[in-house]
Amino acid sequence: MSFGQGGPQSQWDPWKPQSQQQPWSSGDGDGSPDWAALAEASEARAKRRRLLFIGGGALATVAIASAVAVAVVSANGSGQASDGASSQLPATADLPSATAAAPSFAPTSAPPPLDPKDFVSSVQKDKAPLSPDLLFSGTQLTMGETVYKKGPTADTRTCGSAAQKTLPKVLTDNDCTRLIRVTYTEGDVAVTVGVAVFDTEAQASKAKQQADGKSIIRSLSGGGVTSFCTGAVCRSTTNSYGRYAYFTIAGFTDGRNVTEKTTEVFRTGDDLAEFAFRQIHRRGEAQASAAAEG
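Notes on the structure in this doc start here. (Residues numbered from 1 in each chain as written. Predicted model: local features only at pLDDT ≥ 70, side-chain atom pairs only at ≥ 80, totals over all residues. Heavy atoms only, no water.)

## What about the environment of Val 193?
- Within the secondary structure, Val 193 is located in strand 5 (residues 189–197).
- Residue class for Val 193 comes out buried when judged on its relative accessible area of 0%.
- On a C-alpha basis, the gap between Val 193 and Phe 247 in space is 5.8 Å, while along the polypeptide they are 54 residues apart.
- Once residues within four sequence positions are removed from consideration, Val 193 is found in contact with Phe 136, Ile 180, Arg 181, Val 182, Ile 217, Phe 247, Thr 248, Leu 272 and Ala 276. (Helix = DSSP H or I, 4+ residues; strand = E, 2+ residues; numbered from the N terminus. Buried < 20%, exposed > 50% of the residue type's maximum accessible area, 1.4 Å probe, protein only. Contact = heavy atoms within 4.5 Å.)

Here it is in structure tokens:
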């Protein structure tokens, strides 16, 4: 007995959505699976998967190659890929390494510079020749726009004789060994600079501290410079550097008193005090330089 029309039965293909699944049967109709047909179907599915994998891999390779090409163009910075062969690229050994050691430099062994003040702070180091003409050389002095003419000089080993009022005692008590003086003039203003020499910086510094408003040096006249600051009010300064204490006394050569309004006298005294300091410091510089070269 049959149902419907006869004819060959349709086969179910798992890769065709419209096919219908049929019962597994062999050609003999004994109800056992057709193992040959199953093997063929499995082989067909595996072959399709391999083709898909191969195709996908090729697409991925093309994408990676495109990315490398874009990276090369961007690195060139010109918007055009290089025509040169890949063999022209620098070898790996030529490329800078992120782990390369930083350059090292040998430590310098230059000695520290010598301090000029050390050479004018004690008699043991301060060995350069000393005289009024060496300490105050030349015939005139220019400070800014002002030119001072150099007048008489003096040099004594009896320090108290070149000082007055309270200064002789200060110099004697601190063992002053020498007092050099020089006078400069500008117009009717004159100033005498006195440089007292001690064996140590401590003695010079103590003399500066002990000096008061009445500790003044004697003005030095002569050689065309009239007497000044012998009875009139004058302006004085006191300072020290190294083993030297230096003083100034400034006033008018016509005998007028110095007041707060006579600023030219204050300027003259300050200029010559500054000059005395510079000359002592230069003395130290010269000896420091000679010691460094030796």
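From this point, things continue past the structure.
## Comments concerning the pattern of salt bridges
- Inspection of every chain in the model, using the stated rule, returns eleven salt bridges.
- In this structure, Asp 188 engages Arg 256 in a salt bridge whose closest nitrogen and oxygen atoms are separated by 2.8 Å. Within this pair, whereas Asp 188 is found in the loop between strand 4 (178–186) and strand 5, its partner Arg 256 is found in the loop between strand 8 (244–252) and helix 5 (263–293), the two being separated by 68 residues in sequence.
- The exposure class assigned to Arg 256 is partly exposed, which follows from its relative accessible area of 38%.
- Note that Glu 274 and Arg 278 form a salt bridge whose closest N and O atoms lie 3.1 Å from each other. Of the two residues, Glu 274 and Arg 278 both sit in helix 5, four residues apart, roughly one turn of that helix.
- Residue Glu 274 is classed as partly exposed on the basis of its relative accessible area of 32%.
- Look at Arg 278 and you get partly exposed, because its relative accessible area is 35%. (Salt bridge = Lys/Arg side-chain N within 4 Å of Asp/Glu carboxyl O.)

## Regarding the side chain of Arg 283
- Of note, Arg 283 is situated in helix 5.
- Arg 283 gets classed as buried once you look at its relative accessible area, which sits at 11%.
- One polar contact links the side chain of Arg 283 to the main-chain carbonyl oxygen of Ala 128, over a distance of 2.6 Å.
- For Arg 283, the residues in contact, after removing those within four places along its chain, are Val 120, Asp 126, Ala 128, Pro 129, Leu 130 and Tyr 244. (Polar contact = N/O pair within 3.5 Å; in protein donor to acceptor, adjacent residues only side chain to side chain.)

## Quick look at the packing of aromatic side chains
- Following the criterion strictly, the structure yields three aromatic pairs and no others.
- Ring centres of Tyr 241 and Phe 277 lie 5.0 Å apart, and the angle between their planes is 80°; this geometry places the pair in the edge-to-face category. Highlighted residues: Tyr 241 in strand 7 (residues 235–241) and Phe 277 in helix 5, separated in sequence by 36 residues.
- On the basis of relative accessibility, which here comes to 12%, the residue Tyr 241 falls in the buried class.
- Judged by relative accessible area, Phe 277 falls into the partly exposed class, the value being 29%.
- Its guanidinium or amino end placed over the ring of Phe 119, Lys 125 lies 5.0 Å from that ring's centre, counting from NZ or CZ.
- It is Arg 256 that lies over the ring of Phe 252; its NZ or CZ is 3.8 Å from the centre. (Phe/Tyr/Trp six-rings, centres within 6.5 Å; stacked < 30°, edge-to-face > 60°. Lys NZ or Arg CZ within 6 Å of the ring centre and 35° of its normal.)

## A short note on the state of the cysteines
- Here the structure, examined in full by the defined rule, presents two disulfides.
- One disulfide bridge connects Cys 159 with Cys 176, the sulfur atoms lying 2.1 Å from each other. Between Cys 159 and Cys 176 the sulfur-sulfur dihedral comes to about -75°; the bridge is accordingly left-handed. With Cys 159 in the loop between strand 2 (146–156) and strand 3 (163–165) and Cys 176 in the loop between helix 3 (167–173) and strand 4, this pair connects stretches of sequence that are 17 residues apart. (Disulfide = S-S within 2.5 Å.)

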